[in-house]
There are 2 protein chains.
Amino acid sequence: MADYPEQIERLSDMFRRLGGIGKKTAMRHAFSVLDMNEEEVRDFAQALIAAKTEVCFCKVCKGISSTEVCPICSDEGRDRSTICVVEDYRAAMAVEKVREYRGLYHVLHGVISPMKGIGPDKLTVKELLSRLDGTVKEVIIATDPTPEGETTAMYLSRLISPLGVKVSRIANGMPVGGDLEYADEITLRRAIEGRYNLE
Amino acid sequence: MADYPEQIERLSDMFRRLGGIGKKTAMRHAFSVLDMNEEEVRDFAQALIAAKTEVCFCKVCKGISSTEVCPICSDEGRDRSTICVVEDYRAAMAVEKVREYRGLYHVLHGVISPMKGIGPDKLTVKELLSRLDGTVKEVIIATDPTPEGETTAMYLSRLISPLGVKVSRIANGMPVGGDLEYADEITLRRAIEGRYNLE
């Protein structure tokens, strides 16, 4: 039985390391690279290296940034009295897209998960506390509504509330456009608990 | 609204060019690269360039190869009287996996598709004909059982049969382990047409 050329196998292995990519898809990606022109492939290789070497963590919010302090943290127009705590940078970008929130962020780099051996010390909790210097009036905890996200929210709340800073949690309920028939029980229960009066 | 660092956007764009990758998946891949260590990322970049620059087409079968003539075509142990015609190299590798076929291959690099403006001149048909020098006794056409694959099979059959070379087509029927309830009508019709006697 003949094999693929070693170079193709190696490239396909690299694609698999990205995670969530199976053997066949990785091989398909490797063949797509063969279909690109050489300049494009060199650009791709360069983009990989640039992303890894030129992107760092913002020293304030710990989100990714190509500058020491990210554009959000250095934006004088943002409301410095509110910090929205998220699990990762992509969650912060999701909140940004809403164009509603004008405060700052703090990226935890994960959630507390005893199962995976992740305690608060593995997250940027200490860095978050050091930002609560009196300017900050509210911390909005926007971790995912998963068991780990909820645990992390509770943990942070117990840590921060005693400091006299308001701690809030994003609401649970039916997603807009969702179908009650397909909603899970916990979501529906939270949606009923969180009901509000119509005018 | 803040954006992702430009390096991340650029890398995510490169992933999208692989095809079949949406915006969110591409971004997830870009973040996976950030999670790799720098050596791994450099290996990835190197693997991209090596695959593109060191892999060429075998001058006999037109399959991909890292040598001028691929390992299959240069294997003296293979049956040189049979050529299996496939759409692409991956199809040849799929046939190889069966470990049943011991002949040679010919990679067409596509199928005839008037809709996409692909005529026989864009495929390696001429190169296939030049291989029919008397040694070859049978050409097995293993293009996909799609309308384009069937058209290509018919076209090749009409071209090759008059040369006194046997032309065959891989069988259609129910995939092993498949469910009749979910089989499409054409497959089922072909399965009935191609029925064989049990002992």
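Before any of the text, the structure's been laid out above.
Anyway, here's the lowdown on the structure attached to this text. Keep in mind that this is a model prediction, so the values were computed, not measured.

1. Digging into the interface of chain B and chain A
So, step 1. Between chain B and chain A, the contact holds 50 residues from the first and 50 residues from the second.
So, step 2. Surface buried jointly by chain B and chain A totals about 5,300 Å² across both partners, of which 71% is contributed by carbon and sulfur atoms.
So, step 3. Scanning the region where chain B abuts chain A turns up two salt bridges.
So, step 4. Close ionic contact of Glu40(A) with Arg17(B) constitutes a salt bridge, the shortest N to O distance being 2.9 Å.

2. Quick look at the environment of Lys59(B)
All names here are of chain B.
So, step 1. With respect to the helices and strands, lysine 59 occurs in the loop between β1 (56-57) and β2 (64-65).
So, step 2. Along the chain, lysine 59 and valine 69 lie 10 residues apart, while their C-alpha atoms are 5.8 Å from each other.
So, step 3. Once residues within four sequence positions are removed from consideration, lysine 59 is found in contact with Glu68 and Val69.

3. Considering the sheet that holds strand β4 (residues 103-107) of chain B
Residues and elements named next belong to chain B.
So, step 1. Taken in spatial order, the four strands line up as β4-β3-β5-β6 in an open sheet, and their pairing is parallel. One side of each edge strand has no neighbouring strand; the edge strands of this open sheet are β4 and β6 (166-169). The sheet shows a mean angle of 25° between the axes of neighbouring strands, direction not considered.
So, step 2. Taken together, the four bridges between strand β5 (residues 138-141) and β6 define a ladder with parallel strand orientation. Across the sheet, the residue bridging to valine 139 is valine 167, located in β6.
So, step 3. The strands that helix α4 (residues 89-97) touches are β3 (79-86) and β4; relative to β4, the one it contacts most, it runs at about 160°.

4. Considerations on the relation of the copies chain B and chain A
So, step 1. Mapping chain B onto chain A calls for a rotation angle of 180° and an axial translation of 0.1 Å; the resulting RMSD is 0.1 Å. The two molecules are tied by a two-fold rotation axis, judged by turn and shift. Residue Ala45(B) of chain B places its C-alpha closer to the rotation axis than any other residue of that unit, at 2.1 Å.
So, step 2. Most of the interface of chain B is mirrored in chain A, where 100% of its interface residues again form contacts.

5. A few points about the side chain of Ser12(A)
So, step 1. One can find Ser12(A) in helix α1 (residues 6-16).
So, step 2. Residues within four places of Ser12(A) in sequence aside, it is in contact with Ala26(A), Met27(A) and Ala30(A).

6. Here we look at unusual backbone geometry
So, step 1. Phi is positive for His109(A), close to 65°, though the residue is something other than glycine.
So, step 2. Note on placement: His109(A) falls in the loop between β4 (103-107) and α5 (125-130).
So, step 3. Look at His109(A) and you get partly exposed, because its relative accessible area is 37%.
So, step 4. Even without a glycine there, the phi angle at Lys62(B) is positive, about 70°.

7. Considering the pattern of salt bridges
So, step 1. Tallied over the entire structure, the rule returns 15 salt bridges over all chains.
So, step 2. With its nearest N and O atoms 2.8 Å apart, the salt bridge here joins Glu38(B) to Arg42(B). With Glu38(B) and Arg42(B) both in helix α3 (residues 38-54), this residue pair falls four residues apart, about one helical turn.
So, step 3. Across the pair Glu68(B) and Lys59(B) runs a salt bridge whose closest N-O atoms are separated by 3.8 Å. Lys59(B) shares its class with Glu68(B); the two are exposed.
So, step 4. It is possible to trace a salt-bridge network through shared partners that takes in Glu150(A), Arg169(A) and Arg190(A).

8. Side note on the environment of Thr82(B)
All names here are of chain B.
So, step 1. Position of threonine 82 among the secondary structure elements: in strand β3.
So, step 2. Separated by 23 residues in sequence, threonine 82 and tyrosine 105 place their C-alpha atoms 8.2 Å apart.
So, step 3. Excluding anything up to four places from it in sequence, threonine 82 contacts Tyr101, Gly103, Leu104, Glu138 and Ile140.

Definitions and cut-offs
Residues numbered from 1 in each chain as written. Chains lettered and ligands numbered in written order. Predicted model: local features only at pLDDT ≥ 70, side-chain atom pairs only at ≥ 80, totals over all residues. Heavy atoms only, no water. Contact = heavy atoms within 4.5 Å. Buried area = accessible area lost by both parts, 1.4 Å probe. Salt bridge = Lys/Arg side-chain N within 4 Å of Asp/Glu carboxyl O. Helix = DSSP H or I, 4+ residues; strand = E, 2+ residues; numbered from the N terminus. Pairing = 2+ DSSP bridges. Axes fitted to C-alpha atoms, helices over the stretch in contact; angles between N-to-C directions. Least-squares fit on C-alpha atoms with pLDDT ≥ 70 in both. Buried < 20%, exposed > 50% of the residue type's maximum accessible area, 1.4 Å probe, protein only.

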